[in-house]
Amino acid sequence: MRKRELKNMEWGLLIVAIILSIIGIVALFSATQETEYDECKKQIIWLAVSLVMMVIVMLINYETLVKLSPIFYGIFLILLVAVLFTKPVNGATSWFNIGIFSFQPSEFAKIAVILFLSLIISKIQERYADEINKPTRLLIIFAALAVPLLLIIKQPDYGTAMAFCVALAMMLFTAGIDKKYIIGAILLVGISIPILYNFILPEHAKKRIDIFLNPESDPRGSGYNIIQSKLAIGAGQLTGMGLLKGNQTQLGYLYPKTTDFIFSVIGEEMGFIIAGTIIVLYVFLITKALYVAKTAKDTNGSLIASGIAGIFMFHMAENVGMVMGLLPITGVPLLFVSYGGSSLITSYILIGILLNISSKRQKTIFVK
């Protein structure tokens, strides 16, 4: 890798990702003392693996990754079909169990789908200038997303499915989609929500929405987790109760405290200052990803960076929102912070791709 490319890289992305991971490991240390820090130890291993994977991705030109994306896309479609035949874990068939580890193909599919969608959108723009807004062209794009999306919904994993949708929305916005489609999509969502709730969503999904609206209606059942989460965050106040000292965390009231509710652990034991810092770091991460999209040397780079920004934005907003009772619980992890090898490796690969894209810029944009 040339010196100019190293200089062009947005190293702030990596620094922020590592800071978030360190905060996550500290929180996991506190949340896993009853299991002899098993998940904390594994997360440190996954972090090391993630950094290696990130470096590998940095060394491969992202244009090569885009060219190979149809192969990646096909492989993960096969994996998303195969995972449906595995034994359910907490009611979802989302993981392949390999010894003591598990592999979640829907996490890695984010990379393949973003790369493949960027290839399709850029090809359409090359061949049919200014025709990204033609219904037939959009149908091709939506069809490419629909196949993995339906397979992920089948698992069921609605949170990851929504992350895919947000990523595509960001990519289409970058590609210059007409405002009429944006307005139409908003109206369609508004009309679809009551139809989905009453006729399509399974009972467990409806129950999550009901509990989101009124968790006190079932305080010892479905509303238990969100009530305990809000108590934990509130109890932390400004500086927190201290590591290993959080009541909800240490007495087992938060579940699952190492994944979905890790932000609640941080809020309770480290307080508003650290919890707020996480949000600020995420805003920085998303802003930098969008800056990489703005300054990328080509359409593919801009589209990929926008899609990655969408993934980061959705996971932050949904996870923080759900543990504070502002959004329905969907089981979405807080990237870089929550426990999980598949999630962590995927997140650092996305960081590697962003660094790759930023390194290929001719020069940083200067504002007069």
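Residues numbered from 1 in each chain as written. Predicted model: local features only at pLDDT ≥ 70, side-chain atom pairs only at ≥ 80, totals over all residues. Heavy atoms only, no water.

**Topic: the pattern of salt bridges**
Following the criterion strictly, the structure yields six salt bridges and no others. Between K288 and E10 there is a salt bridge, and its shortest N-O distance comes to 3.1 Å. Highlighted residues: K288 in helix α13 (residues 271-295) and E10 in the loop between α1 (3-8) and α2 (11-31), separated in sequence by 278 residues. Residue K288 is classed as partly exposed on the basis of its relative accessible area of 23%. R361 is paired through a salt bridge with E10; the nearest N and O atoms lie 3.3 Å apart. Of the two residues, R361 sits in the segment after α15 (341-359) while E10 sits in the loop between α1 and α2, which places them 351 residues apart along the sequence. (Salt bridge = Lys/Arg side-chain N within 4 Å of Asp/Glu carboxyl O. Helix = DSSP H or I, 4+ residues; strand = E, 2+ residues; numbered from the N terminus. Buried < 20%, exposed > 50% of the residue type's maximum accessible area, 1.4 Å probe, protein only.)

**Digging into the side chain of T249**
Positionally, T249 belongs in helix α11 (residues 247-250). Residues within four places of T249 in sequence aside, it is in contact with A31, L254, K257, V265, E268 and E269. (Contact = heavy atoms within 4.5 Å.)

**Observations concerning unusual backbone geometry**
Of note, the amide linkage connecting Q155 to P156 takes the cis form, showing an omega dihedral of -5°. The omega torsion of the bond from Y255 to P256 falls at -10°, within 30 degrees of zero and hence cis. Relative to the helices and strands, P256 resides in the loop between α11 and α12 (262-269). One non-glycine residue, E36, lies in the positive phi region at around 60°. Mapped onto the elements, E36 comes out in the loop between α2 and α3 (38-59). Given a relative accessible area of 62%, E36 falls into the exposed group. Positive phi outside glycine occurs at Y37, with the angle close to 60°. When you line up the elements, Y37 lands in the loop between α2 and α3. Overall, Y37 belongs to the partly exposed group, its relative accessible area being 25%.

**Structural notes on the packing of aromatic side chains**
With the rule as written, the count across this model stands at six aromatic pairs. Following the ring pairs from residue to residue traces out a cluster consisting of F96, F103 and F108. (Phe/Tyr/Trp six-rings, centres within 6.5 Å; stacked < 30°, edge-to-face > 60°.)

**Details of the confidence of the model for the chain**
In the predicted model, the chain carries a mean pLDDT of 90, and 97% of its residues have values of at least 70. With pLDDT under 50 throughout, residues 364-368 is counted as low confidence; its partners more than four residues away or in other chains account for five contacts. (pLDDT = per-residue confidence, 0-100.)

**A few points about the packing of helix α5 (residues 105-127) against helix α6 (residues 135-154)**
Angle between the axes and distance between the axes are the two parameters that describe a pair of packed helices. Taken N-terminus to C-terminus, the directions of α5 and α6 make an angle of 170°; their axes are 10 Å apart at the nearest point. The pairing of α5 with α6 is recorded here as roughly antiparallel in orientation. Of the residues in α6, those touching α5 at S106, V113, F116, L117, I120, I121 and I124 are R137, I140, I141, A144, L145, P148 and I152. For the contact of α5 with α6, the residue count by class is twelve nonpolar, one polar and one charged. (Axes fitted to C-alpha atoms, helices over the stretch in contact; angles between N-to-C directions. Parallel < 35°, antiparallel > 145°, perpendicular 65-115°, else oblique. Nonpolar A, V, L, I, M, F, W, Y, C, P; charged D, E, K, R; others polar.)

**What about a nonpolar patch on the surface?**
There is a patch of nonpolar side chains on the surface, built from I45, V49, V52, M53, V55, I56, L59 and I60 and spanning about 640 Å² of accessible area. Under the relative-accessibility criterion, V52 is labelled partly exposed at 49%. (Patch = residues over 30% accessible without salt bridge, like charges linked within 9 Å, V, L, I, M, F, W, Y side chains within 5 Å. Areas by Shrake-Rupley, 256 points an atom, 1.4 Å probe, with all protein chains shown as cover.)

**Considering the side chain of E318**
As for its placement among the helices and strands, E318 is situated in helix α14 (residues 299-323). Judged by its relative accessible area of 6%, E318 falls in the buried class. Leaving out residues up to four positions away in the same chain, E318 has contacts with L327, P328, T330 and V332.

**So, α3**
End to end, α3 covers 32 Å across 22 residues, agreeing with the expected 32 Å (1.5 Å per residue, within 8%). Looking at α3, one finds that the buried residues are C40, K42, Q43, W46, L47, S50, M54, V57 and M58. Summarising the axial view, the buried residues of α3 lie within an arc of 150°, below the 170-degree limit, and thus occupy one face. Residues K41, I45 and L59 are exposed on α3 and point more than 90 degrees away from its buried face. Residues of α3 that are buried make contact with α2, α4 (62-82), β2 (101-103) and α15. (Expected span 1.5 Å × (residues − 1). Arc of directions from axis to C-beta.)

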